[in-house]
Structure formats: structure tokens, C-alpha cells
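So you can see what is in the structure, the chains are spelled out below.
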Amino acid sequence: MANYARIAVARSSSGFTVSSNSATLTSIAAFAAMSGGAGGTVTHFGIGTASSGTGHLLFFGTVTPNLVVAAGTTPKLDTGTTITQAASDGMTTAAANDFLNLLLNNTNWANVGDATGLVASSTAGSLYLSLHTSSPGEGGNQTTNEISYT
């Protein structure tokens, strides 16, 4: 059996669906089944830049209902797993959608600066889903409260 590891999600529309200020997973993300270790209750997920180690945490959100991870459990995040660009930041829905599409789907954000706008990466790469036993918080990174098991 494999140990817990973050899951790569393509920076494309095959990884995330963006609509109405929010992004959701396009398909179910299944982590390795737990065979040993402490496990715990997953209350939050993260989206970050690193496959392992500290990494830059870009977004985090709650997992509802919480996932109890014990021996034989395969934790999964479903297509209801959502991040939302907060309305309190003053960003319009159109701008939030463009921002999320640029970051998560590697899609150009046209007409920012000039007609070319903010250009997508030449190689999209992946972002990495992580599981957390409590909120990583605004100042956290990908290892903050990240679950660990074998």
C-alpha cells in the first residue's frame, strides 16, 4: 500500500471547473488508502504548488462532511469540493472568474495591460491537493496541519 501523498491536478479545465466566483474539482480525487499510522479527521483541503514538502498554499477550504481516516479508509474529495473567491475582497465576479481561470485552468486573462493580457504558462503543469486535520489558516503552507499516514 502507498503512503499518504498529495494528488496532482492538471491546471486545465480537466482539473477544475470555474463558474460564478468559484472553482470545483472536475472529477473525484482519491488519495491512497490508509494501512497504518495515526490517521485522523480531515476537516480541510488545500490547493498548493508542491507535490511534497512545505509548498505554497494557494487556497484552502472545508471538507463537509469531515472525513474520518482510519485503517482501510480511502479518503476522497468529490466534485462538490469548492473554493470561492471571497466577495469581501471587492473583486467582481467576472474578475474572480478570470483570475481563477488563469491560476487553475492556465487560461489567458485578456485585456489586462494590453490585448494579450496576463498570459498563461507555456507549460501548464499541475497543482497539488492536500488533506488537513484542521485549518491551515491564512499564514499556513501545505504542511500546516497536513494529515500523515501509511
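Computed from a prediction, not measured in an experiment: that's the story for all the values here. (Residues numbered from 1 in each chain as written. Predicted model: local features only at pLDDT ≥ 70, side-chain atom pairs only at ≥ 80, totals over all residues. Heavy atoms only, no water.)

A.B. asks: So what exactly am I meant to see when it comes to the environment of V18 here?
C.D. replies: Following the sequence through the fold, V18 ends up in strand 2 (residues 16-19). Exposure remark for V18: the relative accessible area of 17% places this residue in the buried category. Sequence separation between V18 and L100 is 82 residues, and the spatial gap between their C-alpha atoms is 6.8 Å. Excluding its chain neighbours within four sequence positions, the residues that come into contact with V18 are A23, N97, L100, N101 and N105. (Helix = DSSP H or I, 4+ residues; strand = E, 2+ residues; numbered from the N terminus. Buried < 20%, exposed > 50% of the residue type's maximum accessible area, 1.4 Å probe, protein only. Contact = heavy atoms within 4.5 Å.)

A.B. asks: Explain the sheet that holds strand 5 (residues 40-48) here, please?
C.D. replies: To summarise the sheet geometry, strands pair through backbone hydrogen bonds and adopt either a parallel or an antiparallel arrangement. Spatially, four strands are ordered 1-9-5-6 in an open sheet, and the strand pairing comes out antiparallel. The sheet is open, and its two edges are formed by strand 1 (7-10) and strand 6 (57-69), each paired on a single side. Between one strand axis and the next, the sheet turns through 30 degrees on average, direction left out of account. (Pairing = 2+ DSSP bridges. Axes fitted to C-alpha atoms, helices over the stretch in contact; angles between N-to-C directions.)

A.B. asks: Mind showing me how you'd approach the sheet that holds strand 8 (residues 82-84) here?
C.D. replies: Read from one edge of the open sheet, three strands run 2-3-8, paired in antiparallel fashion. Taken across any chain shown, the strands that pair with only one partner, and hence form the sheet edges, are strand 2 and strand 8. In this sheet, neighbouring strand axes are inclined to one another by 20 degrees on average, regardless of whether the strands run parallel or antiparallel. Along the sheet face, helix 1 (residues 93-105) touches strand 2, strand 3 (22-25) and strand 8 and points at about 170 degrees away from the line of strand 2.

A.B. asks: Just checking my understanding: could you explain helix 1 for this structure?
C.D. replies: Since the α-helix turns once every 3.6 residues, residues separated by three or four places project in the same direction. What helix 1 keeps buried is the set A95, A96, N97, L100, L102, L104 and N105. Positive backbone phi, at 55 degrees, marks N106, one or two positions downstream of helix 1.

A.B. asks: Sorry if this is basic, but what is going on with the side chain of T43 here?
C.D. replies: Here T43 is to be found in strand 5. Polar contacts involving the side chain of T43 include one to the main-chain carbonyl oxygen of T133, which spans 3.2 Å. (Polar contact = N/O pair within 3.5 Å; in protein donor to acceptor, adjacent residues only side chain to side chain.)

A.B. asks: Help me understand empty space enclosed by the protein, please; the structure alone is not making it clear to me.
C.D. replies: Rolling a probe over the atoms, with the probe sized like a water molecule, indicates the empty space that remains. What the rule picks out here adds up to one cavity of 30 Å³ or more. Its boundaries defined by the atoms lining it, the largest cavity holds a volume of some 40 Å³. If you go around the largest cavity, the residues you meet are F16, A23, T24, L25, F45, I47, T81, T82, I83 and L129. Looking at the lining of the largest cavity, the elements with two or more residues in it are strand 3, strand 5 and strand 8. Grouping the amino acids of the lining of the largest cavity by side-chain chemistry returns seven nonpolar, three polar and no charged. (1 Å grid on protein atoms, 1.4 Å probe; cavity = no way out; pocket = protein on both sides within 12 Å on 5 of 7 lines; lining within 4 Å. Points joined across faces, edges and corners; volume = space filled by probe spheres on them. Nonpolar A, V, L, I, M, F, W, Y, C, P; charged D, E, K, R; others polar.)

A.B. asks: Explain the layout of surface pockets to me, please; I cannot follow it from the model alone.
C.D. replies: By volume, the largest pocket amounts to about 270 Å³. Considering the residues around the largest pocket, the lining is formed by 13 residues, among which L58, F59, F60, T84 and E138 are closest to the centre. Among the elements that take part in the lining of the largest pocket, strand 6 stands out by supplying four residues, more than any other. When grouped by side-chain class, the residues that make up the lining of the largest pocket number eight nonpolar, four polar and one charged. Together, T62, V63, T64, P65, L67, K76, L77, D78, G80, T81 and T82 line the second largest pocket. Contributions of two or more residues to the lining of the second largest pocket are made by strand 6 and strand 7 (76-77). Its residues assigned to classes, the lining of the second largest pocket comprises four nonpolar, five polar and two charged.

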